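# Summary of structural features
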Amino acid sequence: MPVPKGSTLDPGRTRAAIIETAMPLLYERGLDGVGVAELCAAMGVSKETLYRHFGSKEGLIEAVLEARSERVTRWLRAAVESAGEEPADQLGAVFDALAQWHGEPGFRGCALLNAAAQHHGAPELDMAGRHLERRLGLLAGIATRAGAADPGALARQWLVLVTGCTVVADQHPGTPGAARLAREAALTLLAAARSRA
């Protein structure tokens, strides 16, 4: 980012601004759909600046994906926390948030899963795995609060629904309301788990 004359450099702020600018570009066009020169032009930085902060385009991609995962995790956690104390309401809030996201004009699926599918290897596969673990942790908290006998197993079932509805919403627009359908299935699983507990 250009620094006005007389300003001091703030490497952390520059790095964050580069990530923030690169994130929508890489999400919209894919990891391989934007070259380094175009990224630098869009961000208003030189290649030297990009390489100084990230080492390579791959380093920038990793930083963008990590930031995206953290942002999505915070967003879903906020949805859960705003839903109140009832686990069923918290679970429903996860899918309501997903439904809202799926309806956005720029929706193109999960950036982490897209990256893993595009590159089929480390570090993208590892990052996608960690992203899903974060989601699993959030869902396991809901399952535990609901009193499920096996909260880990229930959370994994919900993770399949969360991930699956996002993939279906992106790849099969002929299935309207994928998040709503997944929400109904998740709440049915919750009711069954509570009846067995």
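These figures come from a predicted structure and were not determined experimentally.

Moving on, we get to the packing of helix α4 (residues 57–82) against helix α7 (residues 124–145). The N-to-C vectors of α4 and α7 enclose an angle of 10°; their axes lie 10 Å apart at closest approach. The angle between α4 and α7 places the two elements in the roughly parallel class. In this structure, α4 contributes Glu58, Ile61, Glu62, Leu65, Glu66, Ser69, Glu70, Val72, Thr73, Leu76, Arg77 and Val80 to the contact, and α7 contributes Glu124, Met127, Arg130, His131, Arg134, Arg135, Leu138, Ile142 and Arg145. Residues belonging to the contact of α4 with α7 are distributed by class as follows: 8 nonpolar, 3 polar and 10 charged.

Applying the stated rule across the entire model yields 0 disulfides. Cys110 supplies the cysteine sulfur nearest to Cys165, a cysteine that is in no disulfide, at a spacing of 11 Å.

Now for the packing of helix α5 (residues 87–102) against helix α8 (residues 151–171). When two helices pack together, their arrangement is given by the angle between their axes and by how far apart the axes lie. Here α5 crosses α8 at 15°, and the two axes come no closer than 10 Å. Here α8 runs roughly parallel to α5, going by the angle between their axes. For the crossing formed where α5 meets α8, the hand is right-handed. Only Trp158, Leu161, Val162, Cys165, Thr166 and Ala169 of α8 make contact with α5, whose side of the interface consists of Leu91, Val94, Phe95, Leu98, Trp101 and His102. When its residues are assigned to classes, the contact of α5 with α8 shows 10 nonpolar, 2 polar and no charged.

About the criteria used
- Residues numbered from 1 in each chain as written.
- Predicted model: local features only at pLDDT ≥ 70, side-chain atom pairs only at ≥ 80, totals over all residues.
- Heavy atoms only, no water.
- Axes fitted to C-alpha atoms, helices over the stretch in contact; angles between N-to-C directions.
- Helix = DSSP H or I, 4+ residues; strand = E, 2+ residues; numbered from the N terminus.
- Parallel < 35°, antiparallel > 145°, perpendicular 65-115°, else oblique.
- Contact = heavy atoms within 4.5 Å.
- Nonpolar A, V, L, I, M, F, W, Y, C, P; charged D, E, K, R; others polar.
- Disulfide = S-S within 2.5 Å.
- Left-handed = near helix turned anticlockwise from the far one by under 90°.

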